[in-house]
Amino acid sequence: MSFVFYLIAALTLAGGLAAVLLRNTVHCALALTVAFAGLALLFLGLDAQFAGFAQILIYIGAVAILVVFAILLTRSSETMQEGVFSKSWFAGLVIAAGVFAVLGWAVLESAHALPFETAAPRVTVRDIGNALVGRYVLPLEIVALLLTAATIGAVIVALHEKERAR
Amino acid sequence: MVVASPLAAHLLVAALLFAIGLAGALTRRNAILVLIGIELMLNAANLNFIAFWRYGPHPEALTGMMFAIFSIAVAAAEAAVGLGLVIQIYRHARTTDLDQMNRMKG
Amino acid sequence: MAAASISVTLDQIFVLLRDWLVHFLPAALRPFASVVLGVVAIVAVFPGLFALTTVFERKGLGRMQNRLGPNRVGPFGFFQPIADGIKSLTKEDVIPFRADAAVHFLAPLVLVVAVFMGFAVLPVGRNMVLVDMDAGLLFFFAMGASTELSVFMAGWSSRNKYSILGAMRAVGQMISYEVPLLLSSVAVVMITGSLSLTKIVAAQNQYTGIFPHWYVFTPWGFAAFLMFAIAATAETNRTPFDLPEGESELVAGYFTEYSGFKFALFFLGEYLGMFSISGLGATLFFGGWSAPLSFLNVIPSWIWFFAKVMAAIFVFIWMRGTLPRLRQDQLMNFAWKFVLPFTLLDLMVTALWRFMGEGWARWVVCTAILAGAYVLMGRTAMQQKKFGPRSYRYAE
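Residues numbered from 1 in each chain as written. Chains lettered and ligands numbered in written order. Predicted model: local features only at pLDDT ≥ 70, side-chain atom pairs only at ≥ 80, totals over all residues. Heavy atoms only, no water.

Caption draft 1: Examining the environment of Phe285 of chain C more closely. Residue and element names in this part refer to chain C. Turning to its location among the elements, Phe285 is positioned in helix H11 (residues 260-285). In this structure Phe285 comes out as buried when scored by relative accessible area, which is 0%. Sequence separation of Phe285 and Phe228 is 57 residues, and the distance between their C-alpha atoms is 9.5 Å. (Helix = DSSP H or I, 4+ residues; strand = E, 2+ residues; numbered from the N terminus. Buried < 20%, exposed > 50% of the residue type's maximum accessible area, 1.4 Å probe, protein only.)

Here's what the structure looks like:
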């Protein structure tokens, strides 16, 4: 694997680690965007141009902004809690380590059977579009329905209920 | 440690990212940070899909790529609803600390 | 014949210059070197244009407001940007005591880098595009979306009430108007069948008689262009959508706590954002670098591109000198209750246009639908809207 891959992978993992470890919640959200950007670069390295740009547009442009809005609206960055980690943090860490051990073991055990460098697939945006409205039209419609439902749901959940307002 | 297969290298990165996200979701007290952990896990899964698409036998079938694109769309909806819920909980309980949300404990 | 070849040479002069410069290098380095030269050209030309535009804006605004504008430095004040540049470079760089130093430092860098990236896919002339990406439009919007983050970083890290208010306003506004911005571009993508900006220009670079096939001259294209222009104005925080940095309310909005070179970077980022969004608008609806009349093709393509961008900049300045600022609730109402539904309707009309086939019938039907919807939604529904006292909403 190339040097560039290791660099991007290190960036992504560092962003991810910082996102779960830092004390200040806004810093966590910003570190999360570093991880998202690193993932987008990894996608680009895998010749998935469309997915990489969609990743930047949706995760950095929308999800990260949503997260920081939520942080500011709930004043999570101002109130310093006594501890940022939950009481059962050790169990959580053990479970995560166990999951990683199993996944890593599975990958390394089967590494010899995995394919080596293959020719880059020639996939244009047009192919993706055709697939979306051809073979994958049903999932596309379901996602459209889901997004509509989620939009309405999010608005209703976050809507100020007048009668309950103090 | 040198991993010869690029697919294996990507899978390892994804596994590590998934574990980081899982650890974050399980250990942080702030509900928003838990959501951040979940986002990281979703993204790690996306990386797996894209890597398998790229090095799989039939990249022109676009299966992994499509799954990743749909998963990105679903994750956006999930984030919107999840954060809406967190804001609603904050209004109700004046906190986003998950350790203090124990009212339904029997 | 000779005249034609001169015009072709002039048209391609920068491409030829680049190839001539690159051919001194070994063959292995050539692709890399030509990309580097392209980047250097972008990094040199657009900030130069920025310097020119600041003086143009100040003099133009002065003219509209019946005053002189800058006229002390150099002939007619044209060296004013140089003086401003020296001033901002030599000013003390103040970082507020309680500010989050790292984020405060990174915010202007993120902004300028993200804005510059957007230029990479804009075709500024025939064969003059840095990277011709298959998903160029998506790349452009992805980079545009990243600037929101830097705005938030700047506002939040300053620990200043004006900064955070300005940042919240800016981010809310940019997210709200990004949706119609994207959707109005989707109309063009639907007709062209490609996300590549070079292909979008190529599709418009055809002529019936002497008139070009620009998308703005179709009913759906005109409607989409209007929505695009509104959303682009909001996206670049220009008047009448300049609430995030309205100086009478918020000092300078999210970059209140910046001084010296970092302030200049924000200023640069804002103007570069204007250039890139104007360039995108010209590319999507006004044929990019193609000439407005077929016989005007003798004039080099890059001149047409920059002429269109500068015309758009003039409209921005004109609006700044003419229109008052909107209120926050008016801004949001306008985005979600008028611009977004109208853009969605325009998408349907575009589909109708695509499948009605050639002929005059589609002109009549599409125009009728759009005009009817505009009268119904824009005139009737928005006019009946009572702009009563503001209602305040908090998370708590």
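Caption draft 2: Quick peek at a nonpolar patch on the surface. Residues and elements named next belong to chain C. A surface patch of nonpolar side chains, amounting to about 790 Å² of accessible area, comprises Ile6, Leu10, Ile13, Phe14, Leu17, Trp20, Leu21 and Phe24. Listed by contribution, the elements that provide at least two residues to the nonpolar patch are helix H1 (2-11) and helix H2 (13-22). The dominant element in the nonpolar patch, judged by the number of residues it contributes, is H2, at five residues. Structurally, Leu10 is set in helix H1. Residue class for Leu10 comes out partly exposed when judged on its relative accessible area of 39%. (Patch = residues over 30% accessible without salt bridge, like charges linked within 9 Å, V, L, I, M, F, W, Y side chains within 5 Å. Areas by Shrake-Rupley, 256 points an atom, 1.4 Å probe, with all protein chains shown as cover. Salt bridge = Lys/Arg side-chain N within 4 Å of Asp/Glu carboxyl O.)

Caption draft 3: Highlighting the packing of aromatic side chains. All names here are of chain C. The tally for this structure, following the rule as stated, stands at 33 aromatic pairs over all chains. On the numbers, 6.0 Å between centres and 75° between planes, the contact of Phe50 with Phe267 is edge-to-face. One end of the pair, Phe50, is in helix H3 (residues 30-64); the other, Phe267, is in helix H11, and 217 residues separate them in sequence. Looking at Phe267, the relative accessible area reads 30%, which means it is partly exposed. Seen from their ring centres, Phe140 and Phe141 are 6.0 Å apart, and the 90° between their planes marks the pair as edge-to-face. Pair check on accessibility: Phe140 and Phe141 agree, each one buried. Just above the ring of Trp156 sits the side chain of Arg159; from NZ or CZ to the centre is 4.9 Å. (Phe/Tyr/Trp six-rings, centres within 6.5 Å; stacked < 30°, edge-to-face > 60°. Lys NZ or Arg CZ within 6 Å of the ring centre and 35° of its normal.)

Caption draft 4: Quick peek at the side chain of Ser301 of chain C. All names here are of chain C. Note on placement: Ser301 falls in helix H12 (residues 301-322). From its side chain, Ser301 meets the backbone nitrogen of Arg126 in a polar contact 2.9 Å long. Setting aside residues up to four positions removed in sequence, Ser301 forms contacts with Asp11, Val124, Gly125, Arg126 and Trp289. (Polar contact = N/O pair within 3.5 Å; in protein donor to acceptor, adjacent residues only side chain to side chain. Contact = heavy atoms within 4.5 Å.)

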